[in-house]
Amino acid sequence: PAQGIITAIIAGVVTAFLGGSRVQVSGPTGAFIVIIYGIVQKYGVDGLATATLIAGFLLIAMGLARFGGVLQFIPFPVTVGFTSGIALIIATGQIPAFLGLRLQDPADWVHKIALYAQSLSQIDLWTLAIGAVALFISLIWPRFSAQGPTKFFSRIPGSLVAILVTTITVRLLDLPVLTIGDKFGQVPSTFPHPHLPAISWQLVHDMFPPALTIAMLAGIESLLSAVVADGMTGHKHRPNMELIAQGAASIVSPIFGGIPSTGAIARTATNIRNGARSPVSAIVHSLVLLLIMLFFGHWASYIPMATLAAILLIVAYNMSEWRTFLKMFKAPKSDWIVLLLTFSLTVLVDLTVAIQVGVVAAAILFIRRMGEVTQVNSITKNLANDDEEIADPMNLAARQVPNGVVVYEVFGSFFFGAVEKFKSILSELETRPRVLIIRMRAVLSIDSSGLHFLEDMIRRCQKEKVRLILSGVHMQPTMAMTRAGLLDMLGEENFAANIDQALNMARAHLGLPQVDSPIVTKKSDQ
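Throughout what follows, the structure given in this document is the object of discussion.

Conventions and cut-offs
Residues numbered from 1 in each chain as written. Predicted model: local features only at pLDDT ≥ 70, side-chain atom pairs only at ≥ 80, totals over all residues. Heavy atoms only, no water. Helix = DSSP H or I, 4+ residues; strand = E, 2+ residues; numbered from the N terminus. Buried < 20%, exposed > 50% of the residue type's maximum accessible area, 1.4 Å probe, protein only. Contact = heavy atoms within 4.5 Å. Areas by Shrake-Rupley, 256 points an atom, 1.4 Å probe, with all protein chains shown as cover. Axes fitted to C-alpha atoms, helices over the stretch in contact; angles between N-to-C directions. Parallel < 35°, antiparallel > 145°, perpendicular 65-115°, else oblique. Left-handed = near helix turned anticlockwise from the far one by under 90°. Nonpolar A, V, L, I, M, F, W, Y, C, P; charged D, E, K, R; others polar. Salt bridge = Lys/Arg side-chain N within 4 Å of Asp/Glu carboxyl O. Expected span 1.5 Å × (residues − 1). Bend = angle between axes of the 7 residues up to and from the residue. Pairing = 2+ DSSP bridges. Polar contact = N/O pair within 3.5 Å; in protein donor to acceptor, adjacent residues only side chain to side chain. Core = buried A, V, L, I, M, F, W, Y, C linked by side-chain atoms within 4.5 Å. Phe/Tyr/Trp six-rings, centres within 6.5 Å; stacked < 30°, edge-to-face > 60°. Lys NZ or Arg CZ within 6 Å of the ring centre and 35° of its normal. Patch = residues over 30% accessible without salt bridge, like charges linked within 9 Å, V, L, I, M, F, W, Y side chains within 5 Å.

Moving on, we get to the overall build of the chain. When helices and strands are tallied, the chain shows 22 helices and 7 strands. Counting only residues that meet the buried cut, the chain has 48% of its 526 residues in that class. Residue pairs at least 24 apart in sequence account for 82% of intrachain contacts in the chain once pairs closer than 6 positions are excluded. Accessible area of the chain: about 26800 Å², with a carbon and sulfur share of 64%.

Where helix H1 (residues 2-18) meets helix H13 (residues 280-296), the axes come as close as 8 Å, and the angle between the chain directions of the two elements is 155°. The angle between H1 and H13 places the two elements in the roughly antiparallel class. Where H1 crosses over H13, the two elements pack in a sense that is left-handed. Contacts between H1 and H13 pair Ile5, Ile6, Ala8, Ile9, Gly12, Val13, Ala16 and Phe17 from the former with Ala282, Ile283, His285, Ser286, Leu289, Leu290 and Met293 from the latter. In terms of residue class, the contact of H1 with H13 is made up of 12 nonpolar, 3 polar and no charged.

This part covers the pattern of salt bridges. For the structure shown, the criterion picks out 4 salt bridges. When the shortest N-O distance is used, the salt bridge between arginine 439 and glutamate 409 registers 3.7 Å. Taken as a pair, arginine 439 in strand S5 (residues 435-442) and glutamate 409 in strand S4 (residues 405-411) lie far apart in primary sequence, 30 residues in all. Glutamate 409 matches arginine 439 in its accessibility class, with the two residues each being buried.

Moving on, we come to helix H2 (residues 33-64). Under the 1.5 Å per step criterion, the end-to-end length of H2 is only 28 Å for 32 residues, more than 12% shorter than the ideal 46 Å. Helix geometry: H2 is bent most strongly at tyrosine 43, by close to 130°. Once H2 finishes, arginine 66 follows within two positions and takes phi at roughly 60°, a positive value.

For the rest of this paragraph, the subject is the pairing of S4. Summarising burial for S4: 6 of the 7 residues are buried, a large majority. When S4 meets S5, the two strands line up parallel, connected through 6 bridges. Residue glutamate 409 lies in a different strand from S5, and its bridge partner there is arginine 439.

What follows concerns the environment of threonine 431. Note that threonine 431 resides in the loop between helix H18 (416-426) and S5. In this structure, the C-alpha to C-alpha distance between threonine 431 and glycine 404, residues 27 residues apart in sequence, is 9.0 Å.

Quick look at the sheet that holds S5 now. Sheet architecture is open: 5 strands sit in the order S3-S4-S5-S6-S7, paired in mixed fashion. With partners counted over all chains shown, the strands left at the sheet margins are strand S3 (375-378) and strand S7 (495-496), one partner each. The sheet strands contacting helix H22 (residues 499-510) are S4, S5, strand S6 (467-471) and S7, and the helix crosses S5 at an angle near 170°.

With that settled, consider the packing of H2 against helix H10 (residues 201-233). One can describe the packing of H2 onto H10 by two numbers: an axis separation of 6 Å at closest approach and a directional angle of 65°. Regarding H2 and H10, the two cross each other, and that crossing is right-handed. For the contact of H2 with H10, a count of residues per class yields 21 nonpolar, 4 polar and 2 charged.

Before going further, it helps to spend a moment on the side chain of asparagine 504. Here asparagine 504 shows up in helix H22. Relative accessible area serves as the criterion here: at 14%, asparagine 504 is assigned to the buried category. Polar contacts involving the side chain of asparagine 504 include one to the side chain of arginine 507, which spans 2.8 Å. Not counting residues within four places of it along the chain, the set of residues in contact with asparagine 504 comprises Gln514 and Val515.

Another point: the nonpolar core. Membership of the largest hydrophobic core comes to 46 residues, with the highest contact counts inside it found for Phe32, Ile39, Phe82, Ile86 and Ile214. Looking at this core, the element that brings in the most residues is H2, giving 11 residues. For isoleucine 214, the contacting residues outside a window of four places in its chain are Phe32, Ile35, Ile39, Ala51, Ala55 and Pro260. Ranked by size, the runner-up nonpolar core spans 26 residues in total, among them Ile438, Val443, Ile446 and Leu490.

What follows covers the packing of aromatic side chains. One pass over the structure, following the stated rule, counts 5 aromatic pairs. Taken together through their ring pairs, the aromatic side chains of Phe325, Phe329, Trp336 and Phe343 make up a single cluster. When the ring centre of tyrosine 37 is taken as origin, the NZ or CZ atom of lysine 112, which lies over that ring, is 5.7 Å away. Positioned over the ring face of tyrosine 302 is arginine 171, at 4.0 Å from the centre of the ring.

Inspection of the secondary structure puts serine 261 in the loop between helix H11 (239-255) and strand S2 (262-263). What serine 261 contacts, discounting residues up to four positions off in sequence, is Thr7, Ala11, Gly27, Pro28, Phe32, Ala218, Gln246, Ala249 and Ser250.

All right, on to a nonpolar patch on the surface then. Where nonpolar side chains cluster on the molecular surface, the patch consists of Val280, Val284, Val288, Leu291, Ile292, Leu294, Phe295, Phe296 and Trp299 and spans about 860 Å² of accessible area. With respect to the secondary-structure elements, isoleucine 292 resides in helix H13. With a relative accessible area of 40%, isoleucine 292 lands in the partly exposed category.

A few words on H22. Between its first and last C-alpha atoms H22 spans 16 Å; for 12 residues at 1.5 Å apiece the expected length is 16 Å, and the two agree. Buried residues of H22: Ile499, Asp500, Ala502, Leu503, Asn504, Met505, Ala506, Arg507 and Leu510, and no others. The elements touched by buried residues of H22 are S4, S5, S6 and S7. The distance from a side-chain oxygen at the start of H22 to the backbone nitrogen of aspartate 500 is 3.2 Å, and the residue carrying that oxygen is asparagine 498. Following H22 by one or two positions, glycine 511 adopts a phi angle in the positive range, close to 80°.

Looking now at unusual backbone geometry. One non-glycine residue, arginine 66, adopts positive backbone phi at about 60°. Tracing the backbone shows arginine 66 in the loop between H2 and helix H3 (68-71). Of note, the phi angle at lysine 465 is positive, near 60°, even though the residue is not glycine. Mapped onto the secondary structure, lysine 465 falls in the loop between helix H19 (448-463) and S6. Taking relative accessible area as the criterion, lysine 465 reaches 70% and is therefore assigned exposed.

Below, the structure is given as structure tokens:
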């Protein structure tokens, strides 16, 4: 609890001064619980501090490298999968405190559930009652306060009311309920002095994978929170500056004993609803927390653990995005496979593994989908019926392909997924053509595999005395070919603006007369 308050104070101030969002409030969030628990359990507090420092430098590097826009392209199924998985872990982790079970939790989620089921006979009724009251107040207060004569009560969170009511009740009645002080000791009422953790090269090596997860999670959640804030205020945040600010907060926070932080969606939304329009509100938030810690910190030790469990159950429910989770099953099969994979790995294995595997799986399935979308077709026989771009659709002679000419068209990105399709189709040619035309009007991008394939094709055509003509090449493929030296290798005379020019170039090569077919722009393109 003390480290959480310190983090909220430090991160709130640092990100308010440096952040890319004017109204974002930063601090510790529930998403980090799983990572923090695992690191501290295995490597101790110094391990967590080291991982947080590394994550801070990684976030700053991401911001300087302008990765702010890139992180927004993390596949949606991955985000929903690990968020829902974290919510489930948080919710199940509150069961002992909510029911009053005095257990030593195993790290494995499946064993936890089995242990909880075996221990239901040990439920403490006083603890359960306090937890139920806290849960009821937290849920009912927003409706009750909204009907009041003033807006003052509607601005007080239900969780705060639940904490006050249950803490006072337990204190006055001296109920045998576990409190924060019983489990964690007294909450400090002084601000800690800065100190560096005990860092070693071995610890840095061991902490790099979880630090990368912390950085990714902090970046994603901060940017998502900033997007939500943009929608509520009409402003636009600066994603790269936001990453730098979160990185700076992650570097400063562990020096004072803090933990990882990120933009908090709930706190940011509350901030905006109460009229925030500048970073001053986030600074005030940190100062108020500091005053609470200095003057009222010892009272926090009387808060029942069951009350905190009830509040975290609500937090987990709101995090779960269960409606979005279920809706994902109506999406393409590849998306819900990634969703279930990320969700399952988050719950059963580790969040670090879940994010890494989820992103890789999404990338592989995306490549497969792109490969399915990309088509390579022989249009030699069908080109005569293609009246696109032609001035006189009745002038079918313009699209008659002479004997000895073969025309292929590529649809989609010319990347390594399309190369194999092209190779298999070319291998089916019964006779060697005198002219090979590749129509690329529908190719907007090409990668190194596509360039390598074209280079091999140019060499093969030159060796076999086949003229290769590229038709309708767009800007990106043209620039890529120029940088790769293919423009000089093939010769500018073998690039045609459109298919009709390419066919006339083929006719000239074969000694056939030219066919006029003036090209016009379609009305839809004018």
